[in-house]
Amino acid sequence: MSLQERDKKHIWHPLTQHKLHPDSLPITKAKGAVLYDDKGREYIDGIASWYTAMYGHCNDYILEKVSEQMRQLDQIVFAGFTHEPAVALSEALISILPDNQEKIFFSDNGSTANEVAIKMALQYHFNNNDKRNTIVAFENGFHGDTFGAMSASGLSVYNGPFSDFFIDVVRIPTPTDDTIESIVELLQQYINTNNIAAFIYEPLVQGANCMRMHSSENLNKILKVCKANNVLCIADEVMTGFGKTGKYFASEYIEEQPDIISLSKALTAGFVPMAITTCTQKIYDAFLDDSVGKAFFHAHTYTANPIACSVALAGIDLLKSETIQQNIKMISNAHKVFESKIKLHAKVGSTRRLGVIFALDLAVDLDRYGDKRYKIFETLMANGVCLRPLGKTIYILPPYVITEKQLENIYNAIGQVLEII
Ligand SMILES: *Cc1c(COP(=O)(O)O)cnc(C)c1O
């Protein structure tokens, strides 16, 4: 039996209607920016496997570091114990995070990073005898698939069956220059009439919402209102973190700094899952007390797994390296040139980009997971390029190690798509 047939016997894939799409493509190997399937075909990984493998698949430097760590210490309970990789990672992260971040809390994935962030924010107010129960979030944001994170997410395509069980969330639209004043008013109204604990947002780029972007100036106006009302600001940098926007973190573009930041995805460079929620001293101090009850009682068994920590540390070394920083600039410039050409195409509606992120909207209507979307996907794959179009949006978020030639191949494959739709 082929791998594909064996897969179908027992495996349930995410985001998949198995009745319509029973087949999954077996990938046997990955190196750098390239994926290899079981027939030996090659695909350029144009989205770095959901923005994780940013330093390239099976990166040799990370491999070396992680294999050393695997021989030294694999796992230890993180309540009451500590270890070098976690401590070194806390130091490395704090040195590149926005200045106000002081404490780091570990979990396992982007959803739990946000779950932790939301629980931290709720308990922060609770511990200060200020019971607040409502979260503000952007419309069409995406924060993950656990209940708290799902409640904050506005993309109904994922969340419909569960909406009766959500925590309390009110929503504001993402701002444009035309709407920012009315959004600030709406936010102030929500604050006046609800007990708002926190505002959770994807800074500058909404990943799952087709890489929609908003300006740092407008986001800053929203954050200012939150700060003035002791509404904690939670920056979900699960997608934007670790260099994708051209800076280490998207929050660096914005004057007002978040109280809490969620990190995952590129944190562990595609090797193993891990997530981190960081916060300011002020948040941490609200949990310090003689009573155990004020402590933060949230834990996952694999909290701060030493192997995952060593991967993250190696990833940060690479991120800070001259080579990776030069490559980020190279990719960003290549996108700029591509954008200037492609936006004139009759079938291209609009384009946007920031750092290594590029997106274009086709000037045709498509369902997010409809037939035409699959046809576009297959055309890209037939051209040796792996991208996952979201409805009419085609976006590129390549690993930093991608070459100019490989980028050119991605641009050409998108050109092919424009021919067939
Ligand atoms: C992917 C993502 C999440 C969820 O992370 P998982 O690891 O898939 O749980 C949350 N927020 C943003 C912005 C994301 O891109």
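Every value quoted in this text rests on a predicted model; they were computed, and no experiment measured them. (Residues numbered from 1 in each chain as written. Predicted model: local features only at pLDDT ≥ 70, side-chain atom pairs only at ≥ 80, totals over all residues. Heavy atoms only, no water.)

### Notes on the overall build of the protein chain
Consideration 1: Counting secondary structure elements, the protein chain contains 14 helices and 16 strands.
Consideration 2: For 421 residues, the compact-globule estimate of 2.2 N^0.38 gives 22 Å, and the protein chain sits close to it at 22 Å.
Consideration 3: Along the first, second and third principal axes, the C-alpha atoms of the protein chain reach 65 × 55 × 45 Å.
Consideration 4: The buried share of the protein chain, reckoned over its 421 residues, is 53%.
Consideration 5: Pairs at least 24 apart in sequence give 70% of the contacts found in the protein chain among residues at least 6 apart.
Consideration 6: Counting only carbon and sulfur atoms, one obtains 52% of the accessible surface of the protein chain, whose full area is about 19,200 Å².
Consideration 7: The protein chain carries 39 positive and 48 negative side-chain charges, and their two centres are separated by 5 Å. (Helix = DSSP H or I, 4+ residues; strand = E, 2+ residues; numbered from the N terminus. Rg over C-alpha atoms; globule rule 2.2 N^0.38 Å. Buried < 20%, exposed > 50% of the residue type's maximum accessible area, 1.4 Å probe, protein only. Contact = heavy atoms within 4.5 Å. Areas by Shrake-Rupley, 256 points an atom, 1.4 Å probe, with all protein chains shown as cover. Lys, Arg positive; Asp, Glu negative; His and termini not counted. Charge placed at Lys NZ, Arg CZ, Asp CG, Glu CD.)

### Description of the sheet that holds strand S14 (residues 357-362)
Consideration 1: Read from one edge of the open sheet, 3 strands run S13-S14-S16, paired in antiparallel fashion. The strands lining the two open edges of the sheet, one partner per strand, are strand S13 (348-354) and strand S16 (393-396). In this sheet, adjacent strand axes meet at a mean angle of 15° when their direction is disregarded.
Consideration 2: Note that S13 and S14 share 6 bridges and pair antiparallel. (Pairing = 2+ DSSP bridges. Axes fitted to C-alpha atoms, helices over the stretch in contact; angles between N-to-C directions.)

### Regarding the domain arrangement of the protein chain
Consideration 1: Each assigned domain of the protein chain is listed here: domain 1 (3-59 + 321-420) and domain 2 (73-320).
Consideration 2: Taking only C-alpha atoms, the centre of domain 1 and the centre of domain 2 are 27 Å apart.
Consideration 3: At the interface, 29 residues of domain 1 touch 29 residues of domain 2.
Consideration 4: Carbon and sulfur atoms make up 64% of the surface buried where domain 1 meets domain 2, a total of about 2,500 Å² over both sides.
Consideration 5: Seen at the junction of domain 1 and domain 2, the total is 1 salt bridge.
Consideration 6: Viewed at the interface, domain 2 and domain 1 are joined by 14 residue pairs in polar contact (both at pLDDT 80 or more).
Consideration 7: Going through the elements one at a time, helix H2 (48-51), helix H12 (322-342), S13, S14 and S16 are the ones with two or more residues in the side of domain 1 that touches domain 2. (Domains from an automatic or database assignment. Buried area = accessible area lost by both parts, 1.4 Å probe. Salt bridge = Lys/Arg side-chain N within 4 Å of Asp/Glu carboxyl O. Polar contact = N/O pair within 3.5 Å; in protein donor to acceptor, adjacent residues only side chain to side chain.)

### Overview of the sheet that holds strand S4 (residues 103-107)
Consideration 1: Strand order in the open sheet made by the 7 strands is S4-S12-S11-S10-S7-S5-S6, with mixed pairing throughout. Single-partner strands in this sheet number two, and they are S4 and strand S6 (169-172). Pairs of neighbouring strands in the sheet enclose a mean axial angle of 20°, with direction left out of account.
Consideration 2: With 5 bridges connecting them, S4 and strand S12 (residues 275-279) associate as antiparallel partners. Bridge assignment links Ser107 to a residue of S12, and that residue is Ala275.
Consideration 3: Sheet contacts for helix H8 (residues 180-193): strand S5 (134-138), S6 and strand S7 (196-201); angle to S6, the most-contacted strand, approximately 165°.

### Thoughts on the nonpolar core
Consideration 1: Judged by nonpolar contacts, the single largest core of 96 residues is most densely connected at Phe199 and Phe242.
Consideration 2: In terms of residue count, the dominant contributor to this core is helix H11 (residues 306-320) (9 residues).
Consideration 3: Not counting chain neighbours up to four residues away, the residues in contact with Phe242 comprise Tyr55, Leu93, Tyr248, Phe249, Leu263, Ser264, Ala266, Leu267, Ile316, Leu319 and Tyr400.
Consideration 4: Core analysis: the second largest hydrophobic core is formed by 20 residues, Met120, Ala137, Ile234 and Ile283 among them. (Core = buried A, V, L, I, M, F, W, Y, C linked by side-chain atoms within 4.5 Å.)

### Section: the pattern of salt bridges
Consideration 1: Per the stated rule, a full pass over the model turns up 10 salt bridges.
Consideration 2: For the salt bridge of Lys8 with Asp23, the shortest nitrogen-to-oxygen distance reads 2.6 Å. Here Lys8 is found in helix H1 (residues 3-10), whereas its partner Asp23 is found in the loop between H1 and strand S1 (27-31), with 15 residues between them in sequence.
Consideration 3: By relative accessible area, Lys8 is classed as partly exposed at 41%.
Consideration 4: The partner of Asp361 in a salt bridge is Arg212, with the nearest N and O atoms 3.3 Å apart. With Asp361 in strand S14 and Arg212 in strand S9 (residues 212-213), this pair connects stretches of sequence that are 149 residues apart.
Consideration 5: Under the relative-accessibility criterion, Asp361 is labelled buried at 7%.
Consideration 6: Among the ionic contacts, a cluster of salt bridges with common partners joins Arg212, Arg352 and Asp361.

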